[in-house]
Amino acid sequence: MTAQENGFAVHDLTVCYPNGVRALNGVSATFPAGEVTAIIGESGSGKSTLGQALYGALPAGAQASGSIRFAGMDVLACPQAILRTQYWGKQWGIVPQLPRAALSPVHRIGRQLADVRRGAGRPPWDAAAYISLLERFGFDDPQRILHAYPHELSGGMLQRVLCAMADAGEPSWILADEPTKGLDPAVWQMVAEELSCLAARAGGSFLLITHDLPLARRLADRVVVLQAGQIVTQGRADEAVNAQVEESAHTAKREVRRVDPVPPKDHAVLAAEGVTKYMRDRRSGAQMRVLTDCSLTVDTGRAVGLEGQSGAGKSTLVRILLGLLPTDDGTVRWNGRDIAALPRADAPAFHRDVQLVAQNPEQAFDPRRSIGMSLAEVFAVHPILLRAGRTKREQVIDALSAAELTEHILARYPHELSGGELQRAAIARALLTKPRILLLDEPTTMLDISLQAQILDLFLRLRTERGLGMLLISHEHALLRDFADTIHLLEAGRVL
Amino acid sequence: MNAWQRYIAWRLLGALPVLFGISLLAFILAQLSPGDPAEILLEGAGTGMPSDAEVAALRSYLGLDAPPYVQYGLWLWRLLHGDGGMSYHLGIPVFTALLDRLPVTAALAGAALLWAMAGGIGLGLLMVRLRGTAAMLLRGMAQVMLAVPSFLTAILLILVFGVWLHVLPTNGVESAAGYLLPSLALALVTLAMTAQLLDAHLREALSSLYAQTARLRGLSETRVLLSYALPNALVPVTAMLGNFAAAVLGGAIIVETVFALPGIGSLALEAIHYRDYPLLQGYVLFLGGIYVLVTLAVDLVLARMDPRIALGGER
Amino acid sequence: MDRMTGYAALLVLAGIVLSGIFAPQLAPMNPFEPNMAIRLQPPSMAHLLGTDALGRDLLSRMLYGGRSALLLSLVSTLLALGIGTLVGMLAGYFGGRTDAALTTLTNIFQGIPGISFMVAVAGFVGPGVTGLLLALVAGSWAGFSRIVRAEVMQRAAEPYVEQLRVLGCSDGRIILFHLLPALGGTLLVLGTLRLGRGVLAVAGLSFLGLGVQPPTPDWSTMISDAMLYYRQAPHLIIVPGAAIILLVSSLNLVGQMLHRRLDVRQEVRG
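Residue numbers here run from 1 along each chain, matching the order of that chain's written sequence. Chain A is the first chain written and ligand 1 is the first ligand written, with later ones labelled in order. Predicted model: local features are reported for residues with pLDDT of at least 70 only, side-chain atom pairs are reported and counted for 80 or more only, and whole-chain, interface and lining totals are derived from all residues. The basis for every side-chain value is the complete set of heavy atoms in the structure, and neither hydrogens nor water enter the calculation.

> An account of the sheet that holds strand β2 (residues 22–31) of chain A is needed here, citing residue identities and associated values.
Residue and element names in this part refer to chain A. Pairing between strands is defined by DSSP: at least two bridges between the two strands are required. Strands here mean DSSP runs of E at least two residues long; helices mean DSSP runs of H or I at least four residues long; both are numbered from the N terminus. Strand order in the open sheet formed by 4 strands is β2-β1-β4-β5, and the pairing between neighbours is antiparallel. Two strands bound the open sheet, and with one partner strand each, they are β2 and β5 (73–74). Here 2 bridges tie strand β4 (residues 63–70) to β5, and the two strands are oriented antiparallel to one another. From the neighbouring strand, Phe 70 faces β5, where its bridge partner is Met 73.

Shown next as structure tokens:
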């Protein structure tokens with residue numbers, strides 16, 4: 001069979017979902033065998049749908065028109081029974097998304113691996129064969145992995161297990177759906193290695209669905225770029241295509257400006273001194289020292305950065321600074337006063353002065369209340385804000401415009417808004433109490449790249465205009481370098 | 001001691017305050033209730049209305065004169081020595097009375113559990129596998145089964161199988177077949193609930209990502225259902241069946257009454273009638289003990305079934 | 001299809017409730033007066049459902065018969081829900097020692113499962129409505145508390161709750177204005193589902209003689225009275241029995257319909 005015949009040929013494919021959304025609109029593309037093709041696009045571009053369609057695995061209720069040909073067969077017209085007995089798991093392998101959800105929680109890895117062989121219709125392997133498979137994929141302790149349950153392994157390890165599973169079936173085609181989502185840089189390397197290994201073993205016939213451009217650049221021979229259900233570019237993955245791809249994906253990126261520290265109007269300080277914190281690990285029940293002797297200061301008018309990998313204790317420190325968690329040793333001082341010793345009457349003033357913008361904008365608001373109601377609640381909690389003579393409405397509009405939002409957002413509910421809008425609304429809410437210090441816990445990590453720059457810009461502007469003190473927490477050094485005057489590193493529980 | 005043994009010990013220890021609370025609750029209820037056991041006993045002896053002196057004498061003999069906390073303290077003290085007190089109306093030790101009736105209740109409970117498990121799981125699987133009218137009929141049947149009170153089921157079963165068809169015994173426990181109808185009457189509602197719960201969870205499991213992945217790996221739908229969906233879906237079902245087991249081991253009062261079975265449930269009913277406090281307290285305590293043991297057993301089973309459940313914690 | 005059954009069930013339920021409320025107006029004859037001359041008669045033009053062992057019109061007794069079961073189930077469910085929500089909320093939100101103490105309390109009441117407990121309580125306090133009510137509430141609040149606690153623990157761990165604390169919201173405010181409304185849907189579904197079980201429990205207890213006392217007509221006591229005459233007048237068992245089944249299944253179906261509605265809404269709202 002020629003490369004063309006053993007590949008996928010999509011012609012004028014349109015896919016509609018029952019709720020009226022058109023995921024793909026007249027898409028035509030070829031995926032030749034023996035080549036790694038990357039399907040690239042942002043979320044909502046239709047790339048997952050395209051992958052599902054290629055394998056004939058569209059969800060029930062989806063309407064598809066057009067044709068998808070594979071080795072002389074029309075995938076869309078093929079009944080599921082045939083697909084299951086002849087193609088799925090046999091000629092076509094997958095590395096599914098979301099490793100934790102893609103594995104049955106009550107079965108051991110070894111058992112699920114054996115099922116891959118069974119599904120592939122290939123003779124069962126003995127234990128040694130599985131062990132060598134796992135060794136080939138860089139696992140140090142294959143025996144333990146085989147006996148383990150999915151919840152005992154980390155996300156990164158599970159992703160690699162899925163890669164190994166795809167190989168166990170010895171398919172001639174592999175489809176990998178977002179294999180590097182949410183991975184740490186170190187694990188990313190390993191997975192990328194394994195994916196290229198996998199591609200080589202499958203005779204090079206590989207479909208990669210991703211929005212991770214570096215991965216595509218590393219693995220792909222060909223590239224198909226989707227945007228809003230239509231193909232924007234497709235062709236060989238040479239330099240020109242790459243550059244164009246990057247440009248179209250980053251049209252909204254702007255430069256982040258450096259700002260000089262501004263002398264504040266009135267001074268406030270939030271400082272952690274020698275903070276130590278122990279927490280109990282849920283599984284083993286052992287006490288762990290999460291933070292050791294941490295000290296850091298945030299002054300109005302200055303921006304402090306805190307860098308650290310996930311799990312280093314950043315969120316814990318933030319909670320301690322906000323007074324949500326007690327310290328085991330050391331104190332947090334707000335304008336010199338120990339917040340743990342604050343009399344009850346003064347607590348509201350502290351809350352007004354120090355505010356938080358957190359990581360998950362989708363979860364920052366009570367889903368049952370409109371944004372307007374959530375913002376209005378701030379006044380119910382701090383009636384003192386209404387005494388200065390400005391109405392509720394005026395203050396809300398002020399805060400909204402500072403966050404670059406308009407009034408129409410007040411009537412909306414959280415689930416109706418995008419991540420970017422929600423984050424701005426969260427910023428507006430934080431500004432309502434007229435804080436002098438803002439703690440920003442990874443405020444842009446969950447947002448699309450194009451929005452990250454905008455939000456950071458916003459913070460910088462707020463800092464200049466209002467002389468706010470800010471603590472920005474992130475795991476990206478580049479971000480902090482552009483933003484902060486001082487950067488602290490949080491590593492293994494210590495601040496450096 | 002390994003983790004399992006430690007967990008069991010910790011659970012049993014933790015159960016002590018609960019059992020204590022239960023016994024106290026039973027005692028308080030007894031004190032609150034109207035009717036004087038001495039009077040009732042004497043009236044029941046059939047020699048006409050007892051005189052005040054006779055009642056007073058019996059009360060004194062039974063220790064009913066002492067203040068409540070003394071009565072409770074005494075009862076607790078005796079209990080810790082393995083003495084559950086004497087039943088007023090039976091005249092035998094409470095524990096003996098309970099143990100005498102235990103085999104019948106245990107057999108009934110075991111049979112009911114089997115019905116609920118086999119019937120419930122089977123029906124649930126069918127409900128998921130079949131389509132169209134057949135599935136709808138099964139669902140409708142389950143709905144109706146859920147709505148029938150156990151005494152009605154019992155009566156209907158007696159009418160159909162015992163009286164009209166004359167195939168099964170409806171009274172007493174001479175043979176094993178005598179347990180067939182009562183256990184079914186007991187189990188029917190739980191059978192239907194199990195089937196519905198399993199149906200719902202199987203559907204959820206079948207539409208999960210791991211089930212879809214299994215399909216895309218080429219496994220047959222039957223295998224996906226039985227091998228992947230079922231073990232995952234059985235976990236909440238097991239929890240429910242565990243509750244059921246604890247409930248029926250405590251005696252199926254209604255079913256025992258209708259079928260005239262000498263189990264612990266009918267013993268409790270007698271105790272209520274005679275205001276036989278020691279027996280009632282022993283019964284309540286027994287129920288508490290059963291609950292503790294059964295929930296412990298269920299939790300152990302659940303931990304085996306779902307490796308994510310750490311012993312002693314939630315997922 | 002499911003939706004239609006749900007609405008049909010709602011209709012049936014409304015019918016039963018209304019006929020119970022308006023029983024005095026609807027009943028053709030006095031349900032209390034015995035008339036030994038016309039006892040155990042099959043359905044006829046004069047008595048649409050026949051007469052019972054004491055010559056009383058069955059139809060009239062049927063109209064009155066569902067009242068106590070439904071009312072008792074409703075009141076006991078509301079009370080149990082109230083207590084269960086309070087305990088569960090406090091345990092789930094504050095955790096720690098409060099949780100441990102309240103959970104032990106819950107365990108004590110849950111340690112005596114279902115009917116057995118209810119019989120014991122009713123037996124202790126004596127037959128009649130008060131005992132029944134006490135029994136029903138005592139036997140069911142613990143189940144609610146457990147579920148509420150689990151849900152409160154889950155919701156209180158959501159990031160927006162933490163945000164509210166950062167904004168300065170007090171615990172009381174969070175509980176009353178945020179957690180309680182969020183529970184509203186669940187409570188409604190739990191309550192409705194429980195109503196069906198409550199009716200079954202009342203029926204069982206009444207059958208044993210521990211519940212509603214004569215001469216108040218009640219479907220379950222009507223069945224226990226009719227057991228002796230199953231040969232001559234099987235309709236005396238079948239009609240009340242069918243009524244109980246109809247009432248409980250319509251309650252269950254309505255509860256399930258609410259459950260589905262709630263799930264959909266939760267998926268949308270997040």
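> So, the interface of chain A and chain B: which residues are in play, and what are the values?
A common measure of how large an interface is: the accessible area buried when the components associate. Contacts between chain A and chain B engage 28 residues on the former and 21 residues on the latter. Accessible area that two parts lose when put together, evaluated with a 1.4 Å probe and summed over both, is termed the buried area. In total, about 2,100 Å² of surface goes out of reach between chain A and chain B, with carbon and sulfur atoms giving 60% of it. One speaks of a salt bridge when a side-chain nitrogen belonging to Lys or Arg is within 4 Å of a carboxyl oxygen belonging to Asp or Glu. Along the contact surface separating chain A from chain B lie 2 salt bridges. When the shortest N-O distance is used, the salt bridge between B:Arg223 and A:Asp115 registers 4.0 Å. Whenever a nitrogen or oxygen atom comes within 3.5 Å of another N or O atom, the pair is scored as a polar contact, on the condition that within protein one atom can donate a hydrogen and the other can accept it, and that pairs from neighbouring residues in sequence are kept only if both atoms are in side chains. The tally of links from chain A across to chain B stands at 9 residue pairs in polar contact (both at pLDDT 80 or more). Those elements that place two or more of their residues in the side of chain A that touches chain B are β6 (92–95), α3 (99–102), α4 (109–119) and α7 (155–168) of chain A. Here, residues are in contact when the closest pair of their heavy atoms is within 4.5 Å.

> Describe the pairing of β6(A), naming the residues involved and giving the relevant values.
Residues and elements named next belong to chain A. A simple rule labels every residue: compare its accessible area, found with a 1.4 Å probe on the protein chains alone, to the largest value its type can have, and call it buried under 20%, exposed over 50%, or partly exposed in between. Burial of the side chains of β6 extends over both faces: Trp 92 and Ile 94 are buried on one face and Gly 93 and Val 95 on the other. One ladder, built from 4 bridges, connects β6 with strand β7 (residues 173–177); its direction is parallel. Bridging from a neighbouring strand, Trp 92 pairs with Trp 173 of β7.

> Quick rundown of the pattern of salt bridges? Include the residues and the values.
Evaluation of the coordinates by the stated rule reveals 29 salt bridges over all chains. Here A:Asp167 ties to A:Arg201 by a salt bridge, and the two come within 2.7 Å at their closest N and O atoms. Taken as a pair, A:Asp167 in helix α7 and A:Arg201 in helix α8 (residues 185–201) lie far apart in primary sequence, 34 residues in all. Each of the salt bridges in this network shares a partner with another, and the network as a whole consists of A:Arg111, A:Asp115, A:Arg118 and B:Arg223.

> Go over the interface of chain C and chain B, please, and point to the residues and values.
Taken together, the 42 residues of chain C in the interface contact 43 residues of chain B. Contact between chain C and chain B buries roughly 3,500 Å² in total, counting both sides, with carbon and sulfur atoms accounting for 82%. One can count 0 salt bridges joining chain C with chain B. Applying the counting criterion to the chain C and chain B interface returns 2 residue pairs in polar contact (both at pLDDT 80 or more). When contributions to the side of chain C that touches chain B are tallied by element, the ones reaching two or more residues are α4 (96–110), α5 (114–125), α6 (129–156), α8 (171–207), α9 (219–226) and α10 (235–269) of chain C. The residue makeup of the side of chain C that touches chain B, split by class, is 26 nonpolar, 13 polar and 3 charged. Basically, the charged four are Asp, Glu, Lys and Arg, the nonpolar ten are Ala, Val, Leu, Ile, Met, Phe, Trp, Tyr, Cys and Pro, and anything else, Gly included, counts as polar.

> Could you give an account of the packing of aromatic side chains, naming the residues involved and the relevant values?
Residue and element names in this part refer to chain A. Centres within 6.5 Å make a pair out of two Phe, Tyr or Trp rings, where for Trp the six-membered ring is used; the pair is then stacked when the planes are under 30 degrees apart, edge-to-face when over 60, and tilted otherwise. Scanning the model with the defined rule gives 16 aromatic pairs over all chains in all. An aromatic cluster is present here, built from Phe 8, Tyr 55, Phe 70, Tyr 87, Trp 92 and Trp 173 joined pairwise through their rings. Lying over the aromatic face of Phe 139, Arg 160 brings its terminal NZ or CZ to 4.3 Å of the ring centre. Geometrically, a lysine NZ or arginine CZ counts as sitting over a ring once it is within 6 Å of the ring centre and also within 35 degrees of the ring normal. Above the plane of the ring of Phe 365 lies Arg 429, whose end atom (NZ or CZ) is 4.2 Å from the centre.

> Go over helix α13 (residues 371–381) of chain A with me, naming the residues and quoting the values.
Across the 11 residues that make up α13(A), a large majority, 8, are buried. Among the residues of α13(A), those classed as buried are A:Ile371, A:Gly372, A:Ser374, A:Leu375, A:Glu377, A:Val378, A:Phe379 and A:Val381. Elements that come into contact with the buried residues of α13(A) comprise α14 (392–402) and α15 (419–432) of chain A together with α7 (159–167) and α8 of chain C.

Treat this as a map of the structure, not an account of what it does.
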